[in-house]
Amino acid sequence: MGNAIASAIKLVLAILLLPFVIASANNLRIHLIDYPGADHTFFYWGAFAFLMTFLFLYQFWGVFDFGHKIVLSLFKLFSPFDRLIAYSLPFYLILVMVLFYVLGSFFGITNINHYLMFFAGFSLAMHTLLVAQDLREQERNLVKPAYLLSLHIVFLANVSLTVLLFDLNYQTFTFPEFFSNVLDEARQFFLMVFGKNVFW
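Residues numbered from 1 in each chain as written. Predicted model: local features only at pLDDT ≥ 70, side-chain atom pairs only at ≥ 80, totals over all residues. Heavy atoms only, no water.

In terms of nonpolar packing, the biggest core is built from 28 residues, with M97, M117, A120, F166 and F178 touching the most fellow members. If you list the elements that add at least two residues to this core, you get α1 (2-31), α5 (91-106), α6 (113-137), α7 (145-169) and α8 (175-194). Here this core takes six residues from α7, the largest share from any one element. Each residue touching A120, except ones within four places of it in the same chain, is listed here: F43, L93, V96 and M97. Ranked by size, the runner-up nonpolar core spans 20 residues in total, among them F50, A86, F91 and A132. (Core = buried A, V, L, I, M, F, W, Y, C linked by side-chain atoms within 4.5 Å. Buried < 20%, exposed > 50% of the residue type's maximum accessible area, 1.4 Å probe, protein only. Helix = DSSP H or I, 4+ residues; strand = E, 2+ residues; numbered from the N terminus. Contact = heavy atoms within 4.5 Å.)

Moving on: the confidence of the model for the chain. Per-chain confidence: the chain averages 89 in pLDDT, with 94% of residues scoring 70 or above. Ranking the elements of the chain by mean pLDDT puts α1 last, at 88, and helix α3 (residues 61-74) first, at 94. (pLDDT = per-residue confidence, 0-100.)

Let us now look at helix α2 (residues 39-56). Across its 18 residues, α2 extends 26 Å between first and last C-alpha, which sits within 8% of the 26 Å expected from 1.5 Å per residue. Every buried residue belonging to α2 is among D39, H40, F43, G46, F50, T53 and F54, and all of these are buried. Down the axis of α2, the smallest arc covering the buried residues is 150 degrees, so these residues share one side. Among the exposed residues of α2, those pointing more than 90 degrees away from its buried face are W45, L55 and F56. Of the surrounding elements, those touching the buried residues of α2 are α6 and α7. (Expected span 1.5 Å × (residues − 1). Arc of directions from axis to C-beta.)

Here it is, written out as structure tokens:
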């Protein structure tokens, strides 16, 4: 009985988070255009390249596991939340964006930014897809409420981190604007579904 109640609560929370997930994905696509240059195009191409490679050539599980285990080992002290934290911190995306920052800020190397953006998109897509598969395999229920809730939390964390890393590299702070846009879009969804008397 207790497990059924817990599963029901997780499912409801996952459903409530879904508009925020959709709004985050949509606003990330729009938000990246606001950064200077055409680097966002390479970011999208990187994500597309991973998807094609994953579907037809190689699935990168060994690469993903290597980075995931490094992050997991760094947060062992935070058990039992260490796995969720490790899923929420895309190792290779962080690595690429730190390299982007170091090369640009300390060495003045900016002529390879488009390559770094390609690999940033590639690594975020890799992390998102493989985390989703990993989480799904951990739950054998048909509906998978824990999987859905965990995936939504991880995705929101990944998107938020991506925006913050872009802000760092382009030396701006647009995250509050991004966050506000996500809230507004999710609010519009709730208003459309539940009417004006919804939550806020």
